[in-house]
Amino acid sequence: MSKKKLINILFSGSILFIIYLTIFPESSLCIGVKPGNVNLVPFHTIGNLLFYHSFGDFIINNIGNIILFIPFGFLLSFKYKDINSLSKGILVGMAFSMLIETVQLFMENRWTDIDDVILNTLGTSIGYSLFKFLSKIYKIT
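Calculation criteria
- Residues numbered from 1 in each chain as written.
- Predicted model: local features only at pLDDT ≥ 70, side-chain atom pairs only at ≥ 80, totals over all residues.
- Heavy atoms only, no water.
- Helix = DSSP H or I, 4+ residues; strand = E, 2+ residues; numbered from the N terminus.
- Expected span 1.5 Å × (residues − 1).
- Buried < 20%, exposed > 50% of the residue type's maximum accessible area, 1.4 Å probe, protein only.
- Arc of directions from axis to C-beta.
- Contact = heavy atoms within 4.5 Å.
- Axes fitted to C-alpha atoms, helices over the stretch in contact; angles between N-to-C directions.
- Parallel < 35°, antiparallel > 145°, perpendicular 65-115°, else oblique.
- Left-handed = near helix turned anticlockwise from the far one by under 90°.
- Bend = angle between axes of the 7 residues up to and from the residue.
- Core = buried A, V, L, I, M, F, W, Y, C linked by side-chain atoms within 4.5 Å.

A. Seen up close, helix α4 (residues 86-105). Between its first and last C-alpha, α4 extends 28 Å over 20 residues, near the 28 Å set by a 1.5 Å rise per residue. Taken together, the buried positions of α4 are G89, G93, F96, S97, I100, E101 and Q104. Each buried residue of α4 lies within a common arc of 135° when the element is viewed along its axis, so the set occupies one face. Looking at α4, the residues exposed on the side facing more than 90 degrees away from the buried face are L91 and L99. Taken together, the buried residues of α4 touch α1 (3-23), α3 (55-79), β2 (112-113) and α5 (114-138).

What follows is the structure, encoded as structure tokens:
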């Protein structure tokens, strides 16, 4: 299998996994099983989960949103050579996250949350930065 084909499969897989977890209910993670809502206040949900819910809920939502987008950010620059700066990677990750949140706005049991955009964008930037760091060390092209 060629390197390009492998990158395409992995990148597509990361997008499909993100769509699966953000659009379809997952009762084991308590995703999409309660009535949805909208939060447009930055850091409101993050703080609410930190101070008024269990540590497990905080980890699943906040750390989960970051981790979910790390592979996407990592593979982004690998697949698209013209995304050659962190700011471009951040913009693509933020746009993809905003698209997902917009779709969730029209779904009954989904939350549209600015905090998810913030956390997903952070995950994209971590993945992108990790790729750039490793590409310098291992001469990945």
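B. Representation of the packing of α3 against α4. As a packed pair, α3 and α4 sit with axes 10 Å apart at the nearest point and diverge in direction by 140°. Put simply, α3 runs oblique to α4. The chirality of how α3 crosses α4 is right-handed. Contacts between α3 and α4 involve F69, F72 and L76 on the former and, on the latter, G89, V92, G93, F96, S97 and I100.

C. Seen up close, α3. Here α3 is 25 residues long and its end C-alpha atoms lie 36 Å apart, about the 36 Å a rise of 1.5 Å per residue gives. Most pronounced at G64, the bend in α3 amounts to some 35°.

D. Looking closely at the nonpolar core. Core analysis: the largest hydrophobic core is formed by 16 residues, its most contacted members being I18, F69, F72 and F96. Within the residue set of this core, elements represented by two or more residues are α1, α3, α4 and α5. Counting residues per element, this core draws most heavily on α3, at seven residues. Core analysis: the second largest hydrophobic core is formed by five residues, I46, L49, F58 and L119 among them.

E. Main features of the environment of F58. Inspection of the secondary structure assignment puts F58 in helix α3. Residues F58 and N48 lie 10 residues apart in sequence; the distance between their C-alpha atoms is 8.8 Å. Those residues in contact with F58 that sit more than four places away from it in its chain are I46, L49, L50 and I63.

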